[in-house]
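Results of the structural survey
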Amino acid sequence: MITLAIVLVAAVILMINQIGSTSEGDLVVEVRIDGEIVDEFSLHEDIRKEYLSEFGYNLLVIEDSEVYIEDADCLTRSCIESGHRHKSGEAIVCLPNRFTIEIIGGEGGDIDAISQ
């Protein structure tokens, strides 16, 4: 009986934690070139924008509350291969082009119950 009560309490705590950590409230996509913020967008608006700087070219896409780089002229193309991001604290970096995307805001991302 005590074991069942402990399991139920743990399940309730985990559910409350998940509800808090998955809040997508006001997530913002911060775009930087060479360390300087050049744009900020809501993660919940659909955007398709090209960036051309002295360092290179990147095509940023935000759709369905996810952000990714669709195209870039860097040799490694690891920024394209890093895929879609949608959680607070996640980032995509194109080192050769000095281009960085970071999702900020919300409830602090996915923090587990132990670290809280």
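What you are looking at is a predicted structure, and each value in this text was computed from that prediction instead of being measured. Counting from 1, residues in each chain are numbered in the order their sequence is written. Thresholds applied to this predicted model are a pLDDT of at least 70 for local features of residues and 80 or more for the giving and counting of side-chain atom pairs; totals over whole chains, interfaces and linings are not thresholded and use all residues. Side-chain descriptors were evaluated using all non-hydrogen atoms of the structure, hydrogens and water having been removed beforehand.

The pairing of strands in a sheet comes from backbone hydrogen bonds and takes either a parallel or an antiparallel form. Two strands qualify as a pair provided that DSSP identifies no fewer than 2 bridges between them. Secondary structure elements are defined from DSSP: runs of H or I of at least 4 residues count as helices, runs of E of at least 2 residues count as strands, and each element is numbered from the N terminus. A sheet is described by the order of its strands in space; here four strands give the open sequence β2-β1-β7-β6, paired in antiparallel fashion. Edge positions in the sheet fall to β2 (36–42) and β6 (91–94), since each of these pairs with one other strand and no more. Pairwise comparison of adjacent strand axes, ignoring direction, gives a mean angle of 15 degrees for this sheet. Both strand β1 (residues 28–33) and β2 contribute to a ladder of six bridges, which runs antiparallel. Directly across from Arg-32, in β2, lies its bridge partner Ile-37. Helix axes are fitted to C-alpha atoms over the stretch in contact, other axes to C-alpha atoms as well, and angles between N-to-C directions run from 0 to 180 degrees.

Let us look at the side chain of Asp-39. Relative to the helices and strands, Asp-39 resides in strand β2. Think of it in three bands: residues with accessible area under 20% of the maximum for their type are buried, residues over 50% are exposed, and the middle band is partly exposed, with areas taken using a 1.4 Å probe on protein chains only. What makes Asp-39 buried here is its relative accessible area of 17%. In terms of polar contacts, Asp-39 uses its side chain to reach the side chain of Lys-49, at 2.7 Å. Between two residues, a contact is recorded if the distance between any of their heavy atoms is within 4.5 Å. Non-local contacts of Asp-39, meaning those with residues more than four positions away in its chain, are made with Val-29, Glu-30, Val-31, Lys-49 and Tyr-51. Identification of polar contacts relies on pairs of N or O atoms within 3.5 Å, with a donor-acceptor requirement for protein atoms, meaning one able to donate a hydrogen and the other able to accept it, and with residues adjacent in sequence counted only if both atoms are side-chain atoms.

If you check the backbone angles, Asp-34 has positive phi at about 55 degrees while not being a glycine. Tracing the sequence through the fold places Asp-34 in the loop between β1 and β2. A positive phi angle is found at Arg-98, which is not glycine, with a value near 50 degrees. The residue Arg-98 is located in the loop between β6 and β7 (99–104) in this model.

Pairing within the open sheet is antiparallel, and its three strands lie in the order β3-β4-β5. At either margin of the open sheet sits one strand with a lone partner, and together these are β3 (47–53) and β5 (66–72). The sheet shows a mean angle of 20 degrees between the axes of neighbouring strands, direction not considered. Bridge count for β3 against strand β4 (residues 56–63) is seven bridges, and the pairing is antiparallel. In the strand pairing of β4, Glu-50 is matched with Leu-59.

Any covalent bond linking the sulfur atoms of two cysteines counts as a disulfide. By disulfide we mean two sulfur atoms from cysteines, separated by a distance within 2.5 Å. Taken as a whole and judged by the stated rule, the model has zero disulfides. Left unpaired, Cys-79 is separated from the closest cysteine sulfur, that of Cys-94, by 3.7 Å. A relative accessible area of 1% places Cys-94 in the buried class.

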